[in-house]
2 protein chains.
Amino acid sequence: MRRLKPMATRVEQRQRTEARILTAARRLFGEHGFDRTTIRAIATEAGSDPGLVMRYFGSKEKLFAQAAAIPADRPIEGSPEQIARLLTAALTDKLADEPTAALAALRAMFSHPEAAEEVRAAMTSQQRQVAAQLPGDDAVLRSGVIGALTLGLVVSRHLVRLDGLDASPEELIAVVGPIIEELATGA
Amino acid sequence: MRRLKPMATRVEQRQRTEARILTAARRLFGEHGFDRTTIRAIATEAGSDPGLVMRYFGSKEKLFAQAAAIPADRPIEGSPEQIARLLTAALTDKLADEPTAALAALRAMFSHPEAAEEVRAAMTSQQRQVAAQLPGDDAVLRSGVIGALTLGLVVSRHLVRLDGLDASPEELIAVVGPIIEELATGA
DNA sequence: GTCTATAAAGAGATAGAC
DNA sequence: GTCTATCTCTTTATAGAC
């Protein structure tokens, strides 16, 4: 049915299957959260079967860990104005296309402690980095508010699909950009 | 021919038990989300048993619906400046003490469609009301951002427990209040 | 390499004893 | 009114057939 060349094709096939499983896992974890996403559903969506998923990834937890790993953000450095620009640019990206892996972690974090830790780690690391470079006594607080605002926008847009946030990223940034700059500079 | 066997006591007892179950349900749903909270755990925490919980509330879904009903916010009306003040005051409350019922709905909404609808309904209703009274072409967008900011702050503080947001409500409002006013007036 | 059958555990829900 | 025992279903995870 398949090819007649065994070895190379097998490795290739396996990688393909693994990739399909990971993609399906990201989508489903992101859409339904950790508990409501079943190995069965992932296998079906990937055109495979539950046994194979378990064999490749070991457990549902491990599959989730791989699917929901948050890609590290670029380092944020410079003057308050530059920082504001970098944060605004990063937000634009997050609003434009759906960051599938991050969404999986975000949705799951509210019911899955490990996912919560993943998100918290990613956010605090960036936030501390930013706070250290901002002026003012309340730099930590202000960078925290920037983080909360960013989280609120991403969640409201992609997860809650809140009314009024379905505008284009540019329109949104036109409103939010100045606020981020204000918070960064402390004006 | 009043009571040798007091009916009133039974009714009273039942109400007490129901109240204890509801309190336990709010706390546990708020802490672990819908799927990870078991009827068994709620019964144990309420000093009761699973059978009773089912008997009183019918199903886990119905118990959740009662536990996670979001109390309606006060109507928000007036000039943009007044609206900003009302929204800021409401936010102060939400930051000060943990709104147990709302937290249950908030945490659950990410994995439980019914809860998502509850939160979305509560938010859009208030948001539309606000948008209708704000000046400017982008009033809907700006009131959406206010909603996202509020959601982000509450989630970051109570659910994520993000670094830098553990300040006193007053300190937080000192930073966020002006932003809300800006968004409301469109300045 | 891939898929089927099943074991093991845990959940919500129900019936009935006290 | 309250609690115990159990039924049934669904899940992850495993063992082994193709």
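Note that the coordinates shown come from a computational prediction; the quantities given were computed from them, not determined experimentally.

A closer look at the domain arrangement of chain A
Residue and element names in this part refer to chain A.
Working step 1: When cut into domains, chain A gives domain 1 (7–67) and domain 2 (80–185).
Working step 2: Relative placement of domain 1 and domain 2: their C-alpha centres are 29 Å apart.
Working step 3: Each side of the interface is counted separately: domain 1 has 12 residues, and domain 2 has 10 residues.
Working step 4: Between domain 1 and domain 2 the total buried area reaches about 780 Å² when both faces are included, carbon and sulfur atoms providing 64% of it.
Working step 5: Considering only the surface of domain 1 that becomes buried against domain 2, Arg 26, Gly 30 and Phe 64 emerge as the three largest contributors, covering 46% of it.
Working step 6: The tally of links from domain 1 across to domain 2 stands at zero salt bridges.
Working step 7: In this structure, the connection of domain 1 to domain 2 is made through three residue pairs in polar contact (both at pLDDT 80 or more).
Working step 8: For the side of domain 1 that touches domain 2, the elements supplying multiple residues, two or more each, are α1 (7–32) and α4 (60–67).
Working step 9: The element that contributes the greatest number of residues to the side of domain 1 that touches domain 2 is α1, accounting for six residues.
Working step 10: Taken together, the residues that form the side of domain 1 that touches domain 2 break down as four nonpolar, three polar and five charged.

Quick word on the packing of helix α5 (residues 80–96) of chain A against helix α8 (residues 139–160) of chain A
Residue and element names in this part refer to chain A.
Working step 1: Look at α5 against α8: their axes get within 10 Å of each other, and the N-to-C directions meet at 15°. Between α5 and α8, the interaxial angle falls into the category roughly parallel. Between α5 and α8 the crossing geometry is right-handed. Of the residues in α8, those touching α5 at Leu 87, Leu 91, Lys 94 and Leu 95 are Ile 146, Thr 150, Leu 153, Val 154, Arg 157 and His 158.

Looking at the environment of B:Gly78
Residues and elements named next belong to chain B.
Working step 1: Take Gly 78: it is sitting in the loop between α4 (60–67) and α5 (80–96).
Working step 2: The class for Gly 78 is partly exposed, based on a relative accessible area of 29%.
Working step 3: For the pair Gly 78 and Leu 134, spaced 56 residues apart in the sequence, the C-alpha separation amounts to 9.4 Å.
Working step 4: Those residues within four positions of Gly 78 in sequence are excluded, and the remaining contacts are Ile 83 and Gln 133.

Observations regarding the interface of chain B and chain A
For an interface, size is often stated in terms of accessible area lost upon the parts coming together.
Working step 1: At the junction of the two partners, chain B supplies 43 residues and chain A supplies 43 residues.
Working step 2: Summing the contributions of chain B and of chain A, the shared interface buries around 3,500 Å²; its carbon and sulfur component is 68%.
Working step 3: A per-residue breakdown of the area chain B buries against chain A is headed by B:Arg36, B:Phe110 and B:Leu141, which together make up 19% of the total.
Working step 4: Counting across the interface, chain B meets chain A through four salt bridges.
Working step 5: With its nearest N and O atoms 3.0 Å apart, the salt bridge here joins A:Arg36 to B:Asp35.

With respect to the pattern of salt bridges
Residues and elements named next belong to chain A.
Working step 1: According to the stated counting rule, one finds 20 salt bridges over all chains in the structure shown.
Working step 2: Salt-bridge contacts for Arg 27 lead to Glu 45; the nearest nitrogen and oxygen are separated by 2.6 Å. Here the residue Arg 27 occupies a position in helix α1, and Glu 45 occupies one in helix α2 (residues 39–45), the gap between them amounting to 18 residues.

Quick word on the UniProt feature "domain: HTH tetR-type" (unreviewed entry) in chain A
Working step 1: If you check UniProt for "domain: HTH tetR-type" (unreviewed entry), the listed places come out as residues 15–75 of chain A in our numbering.
Working step 2: Counting secondary structure, residues 15–75 of chain A comes out at 67% helix and 0% strand; the distance between its end C-alpha atoms is 32 Å.

Cut-offs used in this document
Residues numbered from 1 in each chain as written. Chains lettered and ligands numbered in written order. Predicted model: local features only at pLDDT ≥ 70, side-chain atom pairs only at ≥ 80, totals over all residues. Heavy atoms only, no water. Domains from an automatic or database assignment. Contact = heavy atoms within 4.5 Å. Buried area = accessible area lost by both parts, 1.4 Å probe. Salt bridge = Lys/Arg side-chain N within 4 Å of Asp/Glu carboxyl O. Polar contact = N/O pair within 3.5 Å; in protein donor to acceptor, adjacent residues only side chain to side chain. Helix = DSSP H or I, 4+ residues; strand = E, 2+ residues; numbered from the N terminus. Nonpolar A, V, L, I, M, F, W, Y, C, P; charged D, E, K, R; others polar. Axes fitted to C-alpha atoms, helices over the stretch in contact; angles between N-to-C directions. Parallel < 35°, antiparallel > 145°, perpendicular 65-115°, else oblique. Left-handed = near helix turned anticlockwise from the far one by under 90°. Buried < 20%, exposed > 50% of the residue type's maximum accessible area, 1.4 Å probe, protein only. UniProt positions renumbered as here; feature names shortened; annotations may be inferred.

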